[in-house]
Amino acid sequence: MSRDPYSERVRALFASPLHAGSMSTPYRVLVDDQGIRIELSATLDGDVIQRLRFRAWGCPHVVAAAEWICTQLEGESAARLQDFAITELMQSLAVPVEKSGRILVVEDAVRALGAAIKVSSTIAGQAEQD
Amino acid sequence: MTNAAADLVYLDYAATTPVDPRVLETMLRLQGVQGDFGNPSAMHRAGWRSHAHVELAAERLGALLGTSADRLVWTSGATESNNLAIIGAARHRRHRGRHLVTMLTEHKAVTDVFRALQREGFEVSWLRPGPNGVLDLGTLQAAMRADTQLVSIMHVNNETGVWQDIAKIGECCHARGALLHVDAAQSVGKLPLALAELSVDLMSMTAHKLYGPKGIGALYVAKRPDLHLEPLLFGGGQQQRLRPGTLPVPLIAGFGHAAAIAADCMLSDLAQLRTLRDRLWAGISDLPGIRLNGDLAMSYPGLLNVSVADVEGESLLLALEPLCVATGSACNAQNQEPSYVLRALGLSDAAAQGAIRFSIGRPTTRDEIDFAIRQYRHAVQVLRTMSPDVAA
């Protein structure tokens, strides 16, 4: 299987996308670029990401990347989202460099979610001050 | 014949077929010191014995095609046959005109040849078939010109299975003084052909689509006073210098044997394939958003091409494992371009991306079809649940 384009990790994540789904929450973004569509939705407990879910239209690497991100970021501070980078993800999943453009769309979605959470928090903070 | 790889369910017979065990036995008998390994061009007993195998193979293939053995040129496969036919004919007739005609939905082994000829100064008209994949004869007639020298139309499309009426197309070409080349890689040994009764001048074929070995094909060249080909290869006098090189006797004998078996099995094969294809389509046709790409009434029954909305092709392909099927996208890491054939039939990029080609073969069982139905339904349901477009 030397030409198998998918690592064992990608195959496992694609076969069991435990975080696939969507939640009714204010923290939800949809990024549509390069023929890839990623939706991320999160619930927070204070500043901590309580639950993170994804929906994706893309190749198996994109689906696996989305599942990997949800697994990695649940329980982490929401502040991590805005400067999230795909370097570790690319290595962990052994994503071919030709597909890095698609994985960057996933990165965009994570950062967009971080920005959406920050905006909501800022507005909520201002409302409390008012 | 059963699938040796028990962990796979192979439904990609349009890509290639396994070698029939009887064919394999024929080929193995010709290998090694005990076999008839001589050079068939040699002027001694070993050469003559080898040559007899080549003659038998040509007779068998000629019988399958409804033509005489001396009209066949051995090549390495359909790609080489297409190159030799199209380039050879176009170059030989260039002094008479430089206009050529083909279809947008031809295999790359044809379209890329025409593009190469365009770079040599030939003018090509690219015909678009109807939404069902069938070429309208009026479209062809409208494209023909006084300087049209060659028309190339495939018999059975490799992605949709749709077949063209090559009898009428041939009549149209000859009425306008043009040659007709037919890429029949997907139809030789699968659909009845009687070349002696058709206005077909050149026909490409390959052994590995009909349970023969890879690496051997043939080009049929009709006997017509105005039909000549310029060779692409030089280096010997074999095959009237049209395609020089030592003939690969075991491969040729295997091709011939596969052709003989195909001639015997064709009608029963067709009945079996039709039953299985109809069962497959009946098992998935109720899925919401499913679309049949092609036309069941004008298709080779061993092939079914379907697409569903909201499902990405590469992910569908992986979710379908252990099914071995083909997707409608080029589908590799470098190129996510949807099938140009399906795009030419009017499918959107997304629909073409989600297209799957099931191709059924002689060894396919009903259990395998039932497994494919279950696997396809499950994969589509899972991926749709995951799609932002469906559940948002």
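Residues numbered from 1 in each chain as written. Chains lettered and ligands numbered in written order. Predicted model: local features only at pLDDT ≥ 70, side-chain atom pairs only at ≥ 80, totals over all residues. Heavy atoms only, no water.

Here we take up the overall build of chain A. Regarding its fold elements, chain A presents four helices and three strands. Reading the helices (α) and strands (β) of chain A from amino to carboxyl end gives α-β-β-β-α-α-α. The C-alpha radius of gyration of chain A comes to 15 Å, within 12% of the 14 Å expected for a compact globule of 130 residues. With 130 residues in all, chain A has 48% of them scored as buried. Residue pairs in contact within chain A that sit at least 24 positions apart in sequence constitute 60% of those at least 6 positions apart. Entry remark: accessible area of chain A is about 6400 Å², with carbon and sulfur atoms responsible for 48%. The centroid of the 13 positive side-chain charges in chain A is displaced by 7 Å from the centroid of its 17 negative side-chain charges. (Helix = DSSP H or I, 4+ residues; strand = E, 2+ residues; numbered from the N terminus. Rg over C-alpha atoms; globule rule 2.2 N^0.38 Å. Buried < 20%, exposed > 50% of the residue type's maximum accessible area, 1.4 Å probe, protein only. Contact = heavy atoms within 4.5 Å. Areas by Shrake-Rupley, 256 points an atom, 1.4 Å probe, with all protein chains shown as cover. Lys, Arg positive; Asp, Glu negative; His and termini not counted. Charge placed at Lys NZ, Arg CZ, Asp CG, Glu CD.)

A word on the domain arrangement of chain B. Residues and elements named next belong to chain B. Partitioning chain B into domains gives domain 1 (2-18 + 266-391) and domain 2 (21-260). Put simply, the middle of domain 1 and the middle of domain 2, counted by C-alpha atoms, are 28 Å apart. Contact with domain 1, which involves 28 residues of that partner, is made by 33 residues of domain 2. Here domain 1 meets domain 2 over a buried area of about 2700 Å², counting both sides, of which 54% is carbon and sulfur. Interface area lost by domain 1 to domain 2 is led by M298, Y300 and Y340, which between them contribute 25%. Between the two partners, domain 1 and domain 2, sit 17 residue pairs in polar contact (both at pLDDT 80 or more). Secondary-structure elements contributing two or more residues to the side of domain 1 that touches domain 2 are α7 (249-284), β10 (303-308) and α9 (340-344). Looking at which element gives the most residues to the side of domain 1 that touches domain 2, the answer is α9, with five residues. Considering only residue class, the side of domain 1 that touches domain 2 consists of 15 nonpolar, eight polar and five charged. (Domains from an automatic or database assignment. Buried area = accessible area lost by both parts, 1.4 Å probe. Polar contact = N/O pair within 3.5 Å; in protein donor to acceptor, adjacent residues only side chain to side chain. Nonpolar A, V, L, I, M, F, W, Y, C, P; charged D, E, K, R; others polar.)

On to the sheet that holds strand β7 (residues 202-206) of chain B, then. Residues and elements named next belong to chain B. The mixed open sheet is built from seven strands, whose spatial order is β2-β8-β7-β6-β5-β3-β4. The open sheet has two edge strands with one neighbour each: β2 (72-75) and β4 (123-127). The sheet shows a mean angle of 20° between the axes of neighbouring strands, taken without regard to direction. Judged from the four bridges that link them, β2 and strand β8 (residues 217-221) form a sheet pairing that is antiparallel. Each bridged residue has a counterpart across the sheet, and for W74 the counterpart in β8 is A218. Of the strands in this sheet, β2, β7 and β8 touch helix α2 (residues 45-65), which is tilted by about 115° from β2. (Pairing = 2+ DSSP bridges. Axes fitted to C-alpha atoms, helices over the stretch in contact; angles between N-to-C directions.)

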